[in-house]
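# Fold and contact review
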Amino acid sequence: MGLTVQSTSAKASRRFQFGDSETLIALAGNPNVGKSTVFNELTGMNQHTGNWPGKTVALAKGIARHQETDYTLVDLPGTYSLIANSAEEAIASEFICFQKPAVTIVVCDATALQRNLNLVLQILQMTANVVVCVNLMDEARKKKIEIDLEKLSELLQLPVVAASARSHQGLDALMDAVAQLCEHPRTQIACLNYPFVIQNELDRLRGQLRMLDPAYDIPWIALQILNNPDSTLKSLYASTALNQADIETLHSLALRSRKVLDQTYKNDNWPDLLIQCPVQQAQQLAEQTVTMNEAEAMKRDRQIDRILFSRWAGIPLMILLLCLVLWITLAGANIPSQMLAEFLFSLEAPLAKFLTALHLPGVIVTMLSEGMYRVLAWVVAVMLPPMAIFFPLFTYLEDLGYLPRVAFNLDKTFAKAHACGKQALTTCMGFGCNAAGVIGCRIIDSPRERLIAILTNNFAPCNGRFPTLISILTMFFLGSAAGLTQSLQSALLLTLTILLGLGMTFLVSRLLSATVLNGVPSSFTLELPPYRRPQLGKVLVRSVFDRTLFVLGRAITVAAPAGILLWVMANVGVQGQSLLAWASGFLDPLGRFMGLDGVILVAFLLGFPANEIVIPIIIMAYMANGSLIEMSSLSAMKDLFLAQDWTLTTAVCTLIFVLFHWPCSTTCLTIYKETKSVKWTAAAILIPTVCGVVCCSLAAFILRLF
Amino acid sequence: MSIVQCSLNQIPLGKRCKVTQLNSTGSIRTRLQDIGLVQGTELIPLVKSCAGDPVAYLIRGTVIAIRDKDSRSILVEHDEE
């Protein structure tokens with residue numbers, strides 16, 4: 001035996017650390033029923049919620065104060081059921097069974113009560129102390145759905161509370177019910193009406209469990225042992241104090257019971273009955289308590305869906321919306337970026353003065369102010385405004401319920417590439433930031449498809465690359481139009497460039513699944529949630545805090561050392577030439593072959609921490625300057641580039657290389673954290689780089705023919 | 001009026017039908033049962049995506065998209081009109 005009782009129980013408690021004096025309240029529910037909203041409203045903590053099924057993966061904890069008493073609320077992962085053994089479901093059921101919260105609140109969606117009641121019935125097999133919170137009552141009213149809550153409470157023999165968590169309605173009553181149940185806990189766990197033979201075998205298993213430890217005498221555990229003896233007992237062994245002998249007793253008992261049932265049911269698949277039983281009971285409960293006109297309730301959603309999913313309008317609408325989001329981001333970020341840059345750069349001189357006052361050597365002062373600080377200020381000024389606009393827009397579309405529909409529409413295309421439709425979303429998120437996109441890949445269930453999505457996320461150019469793309473597009477491909485027309489034109493060209501990146505995403509996904517990540521597309525089911533009007537304020541707060549600041553924080557940690565490195569390379573010289581010049585001279589032949597030049601390649605290498613600084617580095621190198629400088633205008637920049645032998649070929653190849661090269665350091669770090677594998681991180685760097693080198697060389701070769 | 005059996009992917013949009021047999025295997029079988037798709041469940045195909053696949057179904061008050069290759073192995077019955 002590898003694990004002692006002590007070490008296993010220590011492991012189990014390390015996963016959820018709670019003090020003995022705390023009153024634990026678990027919050028369970030289907031995905032997308034406003035569970036996180038209930039959690040936020042009760043605890044006042046801003047935990048991320050989203051109109052995307054199954055997003056909360058880790059456990060969130062918060063304190064809810066009600067009538068002078070503190071309750072520790074734990075937000076369990078949203079799951080449709082607790083039977084299938086996905087990681088989230090295992091966490092949720094283990095928590096309720098072994099952590100034994102005083103009360104478990106099951107949040108239900110009033111507009112889809114039947115499906116939600118299935119989970120209530122499953123949880124009732126784990127604990128008797130359940131409060132049902134029927135949320136989204138306001139939406140149900142709008143859809144003319146009537147629910148007889150008193151009758152539901154009577155049938156379930158549980159407290160049932162109506163709520164509209166978004167407007168904080170019913171939450172006090174919910175906490176009243178919780179408090180009351182905490183004071184008068186119930187012990188008798190209600191049983192479902194399983195067929196007699198099955199119930200008999202379940203009782204036998206429960207008897208054995210009770211003998212081992214009354215704490216494990218839970219119908220749900222007996223049910224799981226009967227249904228899936230090997231895996232259930234394995235996880236029981238890992239997360240409880242049961243020893244090897246106990247497990248073996250249970251195992252042989254389970255095998256005997258299964259044999260009895262096999263003989264009784266002969267050709268029928270009796271494990272199906274275990275699943276069907278709560279489903280059918282939920283249906284009966286709903287039939288007795290809910291009055292609704294299904295077609296009427298969903299009329300508006302279906303009308304919108306018909307347009308969004310129509311053969312002719314669906315895809316163009318999606319592209320148009322992408323174009324619009326990009327345009328708002330670009331046009332909106334322009335002025336704040338300039339203001340922020342001016343402000344941050346104005347602090348450079350005082351900083352240098354301050355550092356000098358500290359009696360630091362002159363070289364160090366210049367390195368810190370002109371090297372580190374200037375790069376840092378540059379990154380923040382270019383990165384922050386577009387992200388602060390893009391992420392709220394993205395979150396808004398997410399909360400609206402539009403994004404799952406994008407996945408629905410694009411699923412076939414991704415399935416052709418043997419990938420998952422949800423990859424469409426992670427790709428979209430990549431437009432904001434590839435690191436955020438890589439984290440978003442968690443929504444993809446199949447490990448193979450999640451890896452494909454992670455490895456190809458970088459083909460979606462992020463906000464950091466937009467400025468580079470736009471300035472090159474504007475300098476070499478746009479006329480001299482000004483103002484609104486120009487920003488529209490650049491958004492259009494940018495969209496085309498992005499579609500090129502999307503094409504590469506499909507191609508590489510297909511190639512990957514034909515080679516190293518071989519396999520057929522796994523099955524998937526995707527919920528299309530009802531359209532909901534997002535709450536603007538919450539969208540703003542959440543997207544700024546959860547996504548923008550998070551990404552900015554990571555970017556700053558890598559931009560600072562990069563700034564120093566850049567300064568050293570530009571200012572330390574050998575034989576009268578700076579290291580930067582040496583490096584670009586060395587890389588020049590390769591750069592020329594790819595239609596670029598040595599300076600551009602070096603700029604991309606040094607731009608590893610943040611793609612925003614690629615163009616500034618190019619300018620700095622061309623002007624043989626010691627620190628980053630900004631050009632007064634695009635035309636001045638174009639003149640400088642033309643003087644350095646830039647042609648249309650150089651512009652095209654640079655565009656391609658911006659689109660296809662290694663991910664930035666923040667993204668690489670994130671890929672490593674998500675995959676926990678050096679191999680896949682290396683693959684994520686190599687794949688786009690090889691694509692870029694090949695595409696650039698090809699483009700250069702072809703363009704030179706003319 | 002008689003009752004006809006076929007696989008779910010053959011049901012035209014808007015036509016109500018009832019699951020008679022779930023032939024799916026592996027993870028998709030559990031996924032489908034999770035969302036309440038078991039023997040006897042009623043469902044209606046609501047809308048097709050741009051490319052015609054997957055199709056969104058109304059299942060127990062929720063809209064769930066299922067791919068064509070998965071709905072092939074779900075047997076259903078419906079009234080013939």
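Everything numeric in this text was worked out from a predicted model, so none of it was measured. (Residues numbered from 1 in each chain as written. Chains lettered and ligands numbered in written order. Predicted model: local features only at pLDDT ≥ 70, side-chain atom pairs only at ≥ 80, totals over all residues.)

### So, the overall build of chain A
Counting secondary structure elements, chain A contains 31 helices and 11 strands. Taking 27 Å as the expected radius of gyration for a compact globule of 706 residues, we find that chain A reaches 30 Å, a close match to that expectation. Each of the three principal axes of chain A carries a C-alpha extent, and together these read 90 × 60 × 55 Å. (Helix = DSSP H or I, 4+ residues; strand = E, 2+ residues; numbered from the N terminus. Rg over C-alpha atoms; globule rule 2.2 N^0.38 Å.)

### Remarks on the overall build of chain B
Helices and strands together make up the secondary structure of chain B, namely 2 helices and 6 strands. Ordered by position from N to C terminus, the α and β elements of chain B give β-β-α-β-β-β-α-β. By the compact-globule yardstick of 12 Å for 81 residues, chain B fits well, its C-alpha radius of gyration being 12 Å. Taking the principal axes of its C-alpha atoms as reference, chain B extends roughly 35 × 30 × 25 Å. Looking at the 81 residues of chain B, the share that counts as buried comes to 49%. Once local pairs closer than 6 in sequence are excluded, the contacts in chain B between residues at least 24 apart make up 57%. (Buried ≥ 20, exposed ≤ 12 C-beta atoms within 10 Å, placed from the backbone. Contact = placed C-beta atoms within 7 Å.)

### What to know about the UniProt feature "domain: Ferrous iron transporter FeoA-like" (unreviewed entry) in chain B
Mapped onto the present numbering, the UniProt feature "domain: Ferrous iron transporter FeoA-like" (unreviewed entry) falls at residues 6-78 of chain B. Taken end to end, residues 6-78 of chain B comprises 16% helix and 41% strand; its first and last C-alpha atoms sit 8 Å apart. (UniProt positions renumbered as here; feature names shortened; annotations may be inferred.)

### Points about the interface of chain B and chain A
Taken residue by residue, the interface counts 29 residues in chain B and 32 residues in chain A. Put simply, the parts of the chain that give the side of chain B that touches chain A at least two residues each are helix 1 (27-34), strand 3 (42-48) and strand 5 (62-66) of chain B. Of all the elements, helix 1 of chain B adds the most residues to the side of chain B that touches chain A, at 7 residues. Partitioning the side of chain B that touches chain A into residue classes produces 14 nonpolar, 8 polar and 7 charged. With 3 bridges connecting them, strand 9 (residues 525-527) of chain A and strand 5 of chain B associate as antiparallel partners. What sits directly across from Thr525 of chain A, in strand 5 of chain B, is Ile66 of chain B. (Nonpolar A, V, L, I, M, F, W, Y, C, P; charged D, E, K, R; others polar. Pairing = 2+ DSSP bridges.)

### Side note on the sheet that holds strand 7 (residues 160-162) of chain A
Residue and element names in this part refer to chain A. Strand order in the open sheet made by the 6 strands is 2-3-1-4-5-7, with mixed pairing throughout. Both outer strands of the open sheet, strand 2 (60-66) and strand 7, are each paired with one neighbouring strand and no more. Looking at each pair of strands side by side, their axes are set apart by 25° on average, direction ignored. The sheet strands contacting helix 6 (residues 149-156) are strand 5 (130-135) and strand 7, and the helix crosses strand 7 at an angle near 155°. (Axes fitted to C-alpha atoms, helices over the stretch in contact; angles between N-to-C directions.)

### Thoughts on the pairing of strand 5 of chain B
As a general feature of sheets, a regular strand has side chains that alternate between the two faces. All names here are of chain B. Along strand 5, 5 of the 5 residues are buried, which leaves the element largely enclosed by surrounding structure. The alternating pattern of strand 5 places Thr62, Ile64 and Ile66 on one face and Val63 and Ala65 on the opposite face, and all of these are buried. Counted between consecutive antiparallel strands, the loop separating strand 4 (residues 55-59) from strand 5 contains 2 residues, among which Arg60 sits at a positive phi close to 50°.

### Focus on the nonpolar core
Residues and elements named next belong to chain A. In terms of nonpolar packing, the biggest core is built from 228 residues, with Leu27, Val106, Cys108, Val131, Cys133 and Val134 touching the most fellow members. Of all the elements, helix 17 (residues 362-400) adds the most residues to this core, at 19 residues. Every residue in contact with Cys133, bar those within four places of it in the chain, is listed here: Val38, Ile105, Val106, Val107, Cys108, Val161, Ala163 and Leu174. (Core = buried A, V, L, I, M, F, W, Y, C linked by C-beta atoms within 7 Å.)

### Topic: the environment of Gln21 of chain B
Residues and elements named next belong to chain B. Note that Gln21 resides in strand 2 (residues 17-22). Taking the number of C-beta atoms within 10 Å as the measure of exposure, Gln21 has 13 and is therefore partly exposed. Along the primary structure Gln21 and Val38 are separated by 17 residues, whereas in three dimensions their C-alpha atoms are 7.9 Å apart. In this structure, Gln21 is in contact with Gln39 and Leu75, ignoring residues within four places of it in sequence.

### Things to note about the confidence of the model for chain B
Averaged over all residues, the pLDDT of chain B equals 88, while 98% of them reach at least 70. If you check the scores for this complex, the pTM reads 0.81 and the ipTM reads 0.92. (pLDDT = per-residue confidence, 0-100.)

### Quick word on the packing of helix 26 (residues 598-606) of chain A against helix 27 (residues 614-622) of chain A
Residues and elements named next belong to chain A. At a minimum axis distance of 8 Å, the contact between helix 26 and helix 27 shows a crossing angle of 135°. By the angle class used here, helix 26 and helix 27 are oblique. Relative to helix 27, the crossing made by helix 26 is right-handed. For the pair formed by helix 26 and helix 27, the contact residues are Val599, Ile600, Val602, Ala603, Phe604 and Leu606 on the first element and Val614, Ile617, Ile618, Ala621 and Tyr622 on the second. Counted by class, the contact of helix 26 with helix 27 contains 11 nonpolar, no polar and no charged residues. (Parallel < 35°, antiparallel > 145°, perpendicular 65-115°, else oblique. Left-handed = near helix turned anticlockwise from the far one by under 90°.)

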